[in-house]
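One-letter residues, chain by chain:
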Amino acid sequence: MTPLYSRLCGTGSYLPERVLGNDEISQRVDTSDEWIVARTGIRSRHIAAADEGVVDMATVAAQRALEAAGLAADALDLIVVATTTPDQIFPSTACLLQSRLGNRGAAAFDLQAVCTGFIYALATADRFIRSQGARHALVVGVEKMSRIVDWDDRSTCILFGDGAGAVVLSASSKPGILSTHLHADGRYADLLQVPAAADTLTMQGNAVFRMAVRTLGEIVQETLAANGLEGKDIDWLVPHQANIRIIQATAEKLGLPMERVVTTVAHHGNVSAASVPLALDDAARRQCFRPGQHLLLEAFGGGFTWGSALLRWL
Ligand code: COA
């Protein structure tokens, strides 16, 4: 039997209209544009309106991805949404999104792996397709981080933003996704969390930074080794957009110049599960990728969780 792969057929994204710049944040907490740019690379982030939920943002990103793929919503037989900030406990964001898109009958569920959520969701959808459990899958990363940020904590409120990114995967005899790699280590839960009795996130930034650099360095090597590749074989790194210094460290370990790294963190900050698909869609729409090129996607987040995906472009 011909092996079955999943191919990425379309991408889409959405950022809310309101842009919150560093200067505006520094009017509220003791910080500055210079400090934020130097330590994180972030210049602004987008903030959803009070009445704009993750389902609203996910719907626009998903419709754009479906349009790019040339696929009608009713052709989907799987919808996986990665989010840490659902509008309601249940139904899942995926079911609410399914209804908005006008799809009936597809399997639909949410998945929670914080900033690694999109990679976890992509890996899950890939496995569904490869095992013939689905032919067309929609994978979404969406967050309203502004809802769980403590706007009086200068060490965290500068980092996060809102938005959504989506991809459509379809079964194909050609790859597609070449491999996915997922990991977690729950011993570090309290370094980055929304504590049970709290509404907002807490983070030990420095410790998170060191762990992110170390584990992302390891997972890119694991991904290369699994595919018999070297750093020079990677055409594009599409990393989690959390901090430009973490991205630079990973690129350096791969031996990749920054021109080969998709960076969108400056204008949307860390949008948790939406960061990777936001970056992917940005570069796809600028036509950065060429057919046959190798893209390495990676992310790290609360849990801790971390993961990667290697794919061949269209
Ligand atoms: N403006 C000005 N000063 C700030 C500040 C801000 N927004 N936030 C923290 N500081 C201060 C601290 O209070 C500290 O002051 P002190 O030395 O007087 O105690 C000093 O800056 C250094 O703090 P530190 O936390 O060591 O800074 P850092 O270089 O590690 O940068 C982060 C802080 C948050 C930018 C950085 O740790 C980081 O990006 N971590 C990873 C975050 C992340 O990506 N999380 C999500 C992973 S998915």
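Residues numbered from 1 in each chain as written. Predicted model: local features only at pLDDT ≥ 70, side-chain atom pairs only at ≥ 80, totals over all residues. Heavy atoms only, no water.

**Thoughts on the packing of aromatic side chains**
Part 1: Evaluation of the coordinates by the stated rule reveals 6 aromatic pairs.
Part 2: Aromatic side chains Tyr 188 and Phe 304 sit 5.3 Å apart centroid to centroid with 15° between the ring planes, which places their arrangement in the stacked category. With a gap of 116 residues between them, Tyr 188 in the loop between strand 8 (177-184) and strand 9 (192-193) and Phe 304 in the loop between strand 12 (294-301) and strand 13 (305-312) connect regions that are remote in the sequence.
Part 3: When its relative accessible area of 23% is taken as the criterion, Tyr 188 is described as partly exposed. (Phe/Tyr/Trp six-rings, centres within 6.5 Å; stacked < 30°, edge-to-face > 60°. Helix = DSSP H or I, 4+ residues; strand = E, 2+ residues; numbered from the N terminus. Buried < 20%, exposed > 50% of the residue type's maximum accessible area, 1.4 Å probe, protein only.)

**Examining the sheet that holds strand 7 (residues 162-172)**
Across a sheet, paired strands are connected by hydrogen bonds in the backbone, their directions being either parallel or antiparallel.
Part 1: The strand order across the open sheet formed by 5 strands is 1-7-6-4-5, and the pairing between neighbours is mixed. Every interior strand has two partners, whereas the edge strands, strand 1 (5-14) and strand 5 (107-111), have only one. When the angles between neighbouring strand axes are averaged without regard to direction, this sheet yields 15°.
Part 2: Pairing geometry for strand 4 (residues 78-82) and strand 6 (residues 136-144), over 5 bridges, is parallel. Bridge pairing in strand 6 links Val 80 to Val 139. (Pairing = 2+ DSSP bridges. Axes fitted to C-alpha atoms, helices over the stretch in contact; angles between N-to-C directions.)

**Looking at the site of the ligand**
Part 1: Near the ligand you find 22 residues, and of these Thr 31, Arg 39, Arg 154, Asn 206 and Asn 243 are the closest.
Part 2: With respect to the ligand, the side chain of Asn 206 contributes an N or O atom lying 2.7 Å from an oxygen atom.
Part 3: Contact between the ligand and Asn 243: an oxygen atom at 2.7 Å from a side-chain N or O atom of the residue.
Part 4: In isolation the ligand has 950 Å² of accessible area, and contact with the protein removes 73% of it. (Near = heavy atom within 4 Å. Polar contact = N/O pair within 3.5 Å; in protein donor to acceptor, adjacent residues only side chain to side chain. Areas by Shrake-Rupley, 256 points an atom, 1.4 Å probe, with all protein chains shown as cover.)

**Examining the pattern of salt bridges**
Part 1: Under the definition given, this model contains 11 salt bridges.
Part 2: Here Asp 56 makes a salt bridge to Arg 100, at a shortest N to O gap of 3.0 Å. Taken together, the positions of Asp 56 in helix 3 (residues 54-69) and Arg 100 in helix 4 (residues 93-101) put the pair 44 residues apart, joining distant regions of the chain.
Part 3: When salt bridges with common partners are traced through the structure, they connect Glu 230, Lys 232 and Asp 233 into a single cluster. (Salt bridge = Lys/Arg side-chain N within 4 Å of Asp/Glu carboxyl O.)

**Quick notes on the environment of Gln 248**
Part 1: Looking at where Gln 248 falls in the secondary structure, it is placed in helix 8 (residues 244-254).
Part 2: Note on Gln 248: relative accessible area 35%, which makes it partly exposed.

**Structural notes on the packing of helix 3 against helix 4**
Part 1: Two elements in contact, helix 3 and helix 4, have axes whose closest approach is 9 Å; the angle formed by their N-to-C orientations is 55°. It follows that helix 3 is oblique to helix 4 by the angle criterion. Our pair here, helix 3 against helix 4, has a crossing hand that is right-handed. Contact residues: helix 3 offers Val 54, Val 55, Asp 56, Ala 58, Thr 59, Ala 62, Gln 63 and Leu 66, while helix 4 offers Thr 93, Leu 96, Leu 97, Arg 100 and Leu 101. (Parallel < 35°, antiparallel > 145°, perpendicular 65-115°, else oblique. Left-handed = near helix turned anticlockwise from the far one by under 90°. Contact = heavy atoms within 4.5 Å.)

**Digging into the layout of surface pockets**
Part 1: Roughly 930 Å³ of volume is contained in the largest pocket.
Part 2: In terms of lining residues, the largest pocket is bounded by 40 residues, among which Leu 159, Phe 160, Leu 192, Met 203 and Val 208 are the most central.
Part 3: When contributions to the lining of the largest pocket are tallied by element, the ones reaching two or more residues are helix 2 (33-40), helix 6 (154-157), strand 9, helix 7 (205-226), helix 8 and strand 12.
Part 4: Sorting elements by how many residues they give to the lining of the largest pocket places helix 7 first, with 6 residues.
Part 5: Its residues assigned to classes, the lining of the largest pocket comprises 21 nonpolar, 14 polar and 5 charged.
Part 6: Mapped onto the domain boundaries, the lining of the largest pocket takes at least three residues apiece from domain 1 (5-172) and domain 2 (177-312).
Part 7: Looking at the second largest pocket, its volume works out to about 210 Å³. (1 Å grid on protein atoms, 1.4 Å probe; cavity = no way out; pocket = protein on both sides within 12 Å on 5 of 7 lines; lining within 4 Å. Points joined across faces, edges and corners; volume = space filled by probe spheres on them. Nonpolar A, V, L, I, M, F, W, Y, C, P; charged D, E, K, R; others polar. Domains from an automatic or database assignment.)

**Regarding the packing of helix 7 against helix 8**
Part 1: It is the contact of helix 7 with helix 8, at a shortest axis distance of 9 Å, that shows an interaxial angle of 35°. The hand of the helix 7/helix 8 crossing is right-handed. Facing helix 7, whose interface residues are Phe 209, Ala 212, Val 213, Arg 214, Leu 216, Gly 217, Val 220, Gln 221 and Leu 224, helix 8 presents Arg 245, Ile 246, Ala 249, Thr 250, Lys 253 and Leu 254.
Part 2: Taken together, the residues of the contact of helix 7 with helix 8 sort by class into 9 nonpolar, 3 polar and 3 charged.

**Brief notes about the domain arrangement of the chain**
How big an interface is tends to be reported as the loss of accessible area on association of its parts.
Part 1: The domains assigned to the chain are domain 1 (5-172) and domain 2 (177-312).
Part 2: Put simply, the middle of domain 1 and the middle of domain 2, counted by C-alpha atoms, are 15 Å apart.
Part 3: On the side of domain 2, 45 residues touch domain 1, which itself brings 54 residues to the contact.
Part 4: When domain 1 packs against domain 2, close to 3,700 Å² is buried across both sides, 64% of that on carbon and sulfur atoms.
Part 5: Considering only the surface of domain 1 that becomes buried against domain 2, Cys 115, Ile 119 and Tyr 120 emerge as the three largest contributors, covering 17% of it.
Part 6: Scanning the region where domain 1 abuts domain 2 turns up 0 salt bridges.
Part 7: Taken together, the connections running from domain 1 to domain 2 amount to 23 residue pairs in polar contact (both at pLDDT 80 or more).
Part 8: Among the elements that make up the side of domain 1 that touches domain 2, the one with the highest residue count is helix 5 (residues 117-130) (9 residues). (Buried area = accessible area lost by both parts, 1.4 Å probe.)

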